[in-house]
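# Structural overview for review
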Amino acid sequence: MDLQINEGDRPSRLQLYRYAAGELEGEERAAVEAHLSTDDEARAFVDSARATRPAPLDLPDLRDRAARQHHAPPKGANRSWAAFLGALVVAAAALFAFLGLPGVEPDGHDIRFRASDGLQLYHLSDRTLERYDGRLLGEGDVIGFKVRSVDHDRVVVLSVDSRGTVSVFHPTDGEAGSPLTEDGLVALPGSVVLDDAPGPEVFVAVFDADVPAAQAEARRAWQSGGLSGVLEWATSGGDRAAEVLERRP
Amino acid sequence: MELTDAEVADLYDRYAGILLHRCRSILGNDEDAHDAVQETFARVIHHSESFRKQSSPLTWMYRISTNLCLNQVRNRGGRSRKLTDRHHDVPVPTELPVDEGGTDRARVLALLERADPQTREVVMYTYFDDCTRQETANLVGISVPTVRKRLDTFLRTARRALTGAAAVALLILWQGSL
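Residues numbered from 1 in each chain as written. Chains lettered and ligands numbered in written order. Predicted model: local features only at pLDDT ≥ 70, side-chain atom pairs only at ≥ 80, totals over all residues.

What follows concerns the overall build of chain A. Tallying secondary structure elements over chain A gives six helices and 10 strands in all. For chain A, buried positions account for 37% of its 249 residues. Long-range contacts, defined as pairs at least 24 residues apart, comprise 67% of the intrachain contacts of chain A with a sequence gap of at least 6. (Helix = DSSP H or I, 4+ residues; strand = E, 2+ residues; numbered from the N terminus. Buried ≥ 20, exposed ≤ 12 C-beta atoms within 10 Å, placed from the backbone. Contact = placed C-beta atoms within 7 Å.)

Before going further, it helps to examine unusual backbone geometry. Backbone torsion omega between His170(A) and Pro171(A) reads 5°, so that peptide bond is classified as cis. When you line up the elements, Pro171(A) lands in the loop between strand E5 (166-170) and strand E6 (178-179). Despite not being glycine, Asp130(B) has its phi angle at roughly 60°, a positive value. Within the fold, Asp130(B) resides in the loop between helix H6 (117-128) and helix H7 (133-140). Owing to 21 C-beta atoms within 10 Å, Asp130(B) belongs among the buried residues under this scheme.

What follows is about the nonpolar core. Counting residues in each nonpolar core, the largest one holds 48 residues, and the members touching the most others are Tyr17(A), Leu19(B), Cys23(B), Val37(B), Phe41(B), Ile45(B) and Cys69(B). The dominant element in this core, judged by the number of residues it contributes, is helix H1 (residues 5-27) of chain B, at 10 residues. For Leu19(B), the residues in contact, after removing those within four places along its chain, are Val37(B), Thr40(B), Met61(B) and Ser65(B). Within the second largest apolar cluster, 45 residues are counted, among which are Ile143(A), Val160(A), Ala209(A) and Ala234(A). (Core = buried A, V, L, I, M, F, W, Y, C linked by C-beta atoms within 7 Å.)

A word on the environment of Ile26(B). Residues and elements named next belong to chain B. With respect to the secondary-structure elements, Ile26 resides in helix H1. Owing to 20 C-beta atoms within 10 Å, Ile26 belongs among the buried residues under this scheme. Ile26 sits 44 residues away from Leu70 along the chain, and the two C-alpha atoms are 8.0 Å apart.

The next point concerns the pairing of strand E3 (residues 142-149) of chain A. All names here are of chain A. With six of eight residues buried, E3 lies mostly within the body of the structure. Judged from the five bridges that link them, strand E1 (residues 119-125) and E3 form a sheet pairing that is antiparallel. From the neighbouring strand, His123 faces E3, where its bridge partner is Ile143. (Pairing = 2+ DSSP bridges.)

Attention shifts here to H1(B). Residues and elements named next belong to chain B. If you check H1, its first and last C-alpha atoms are just 28 Å apart, much less than what 23 residues at 1.5 Å a residue would give, namely 33 Å. In the structure, H1 departs most strongly from a straight axis at Tyr15, where the bend amounts to approximately 45°. Residue Gly28 follows H1 closely and has a positive phi angle near 85°. (Expected span 1.5 Å × (residues − 1). Bend = angle between axes of the 7 residues up to and from the residue.)

Further remarks concern the environment of Thr165(A). Looking at the element boundaries, Thr165(A) is found in the loop between strand E4 (154-160) and E5. For Thr165(A) and Glu201(A), which are 36 residues apart along the polypeptide, the C-alpha to C-alpha distance reads 9.5 Å.

In this section: the packing of H1(B) against helix H2 (residues 30-46) of chain B. Residues and elements named next belong to chain B. Following both chains from N to C, one finds H1 and H2 inclined at 140°, their axes separated by 8 Å at the closest point. Between H1 and H2, the crossing angle belongs to the class labelled oblique. H2 is crossed by H1, and the crossing has right-handed handedness. Listed contacts from H2 to Val8, Leu11, Tyr12, Ala16, Leu19, Leu20, Cys23, Arg24 and Leu27 of H1 are Asp30, Asp32, Ala33, His34, Ala36, Val37, Thr40, Phe41, Val44 and Ile45. Across the contact of H1 with H2, the residue classes break down as 14 nonpolar, two polar and three charged. (Axes fitted to C-alpha atoms, helices over the stretch in contact; angles between N-to-C directions. Parallel < 35°, antiparallel > 145°, perpendicular 65-115°, else oblique. Left-handed = near helix turned anticlockwise from the far one by under 90°. Nonpolar A, V, L, I, M, F, W, Y, C, P; charged D, E, K, R; others polar.)

Moving on, we come to the packing of helix H1 (residues 13-20) of chain A against helix H3 (residues 40-51) of chain A. All names here are of chain A. Axis separation between H1 and H3 bottoms out at 9 Å; the angle between their running directions is 50°. Looking at the two axes, H1 sits oblique to H3. The hand of the H1/H3 crossing is right-handed. Where H1 abuts H3, its residues Leu16, Tyr17, Tyr19 and Ala20 lie against Ala42, Phe45, Val46, Ala49 and Arg50. Split into classes, the residues belonging to the contact of H1 with H3 amount to eight nonpolar, no polar and one charged.

By themselves, these observations are geometric and do not establish any function.
As structure tokens, then:
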């Protein structure tokens, strides 16, 4: 790729992909084929796209993900009882919201701030980092981390926000967890400027793990039960710890 | 009407490999690319009604998957972008550093991260996907003059923020690292 803009003298990648998928017909198809006959790189690109094999179709996972797009139970036969329960849960959630109990998911799990010893959040206040106390924070606020290390060698610190986005903060680079050279409460270097992610956001320390494994576990936990699933995963093992950060709406 | 299992299976057979190829070229690894493909198909199911009206299913999925991938890239960038400061060295700097040397790539990433979502898409389709301005305009749903404006603004910002070495890094980034 270079910074020369395509003036229409060659097919774009999208056109090549559409050709590979069999979407092009007539003149469009002929034009791409004419180009491929003279451009080996484009030909190889199309061959490579056609040869790429995806993972086997996992329809239940797709349906589940699709259902979570609008936070409603998946459609299906004989769902009247489930629909009733769903309505009940939504009503309960609305009641909780009315009563001012933020962070309670419709499945009843409490995902408000809770103090943790293994992973401690700190927030910037008057140029010093103070222990996070559950107050609402938002975009531009600054936080830092301490972890309680007991015979652990490494740690990955990540978060999952209410959209299921997994962000890794430690290590700052590479796939191995950040090294822990001493036991006790250890301040991790650096601080974090919060973005506009929707809250609440669950921060998790995963000890003696590498980044891909920790990310994969967090994603699986999210897929199994949203933020409640993440919190359950993060607090159910001795090699993990979690704290919940509450976000301003 | 929601897509049936058979319809989803047909779409998956036809397009999942191509989307995986596309997502992998942006994200650089199979796991994240596979996740982006799954999420794209989930959105296809969720938006069954509007999806059925598309003349080119791939074009619709292409844009969805591109945005998912760009979000992933942004989140990865956040790892370095967010960790900008030591505990006791506040406040956090808000401007891009202008020093020469090894932070060029970070600065290029920061530029892309700071661009608004529409500009990121325009830059992506035009320079990474080699789309014509008209194709980019059609994909994003804006006019060709707006595409020109977005590109001009991005390049002006890049020229102001980047040193000569970083400008080269911009090219390298688009060529291989993104």
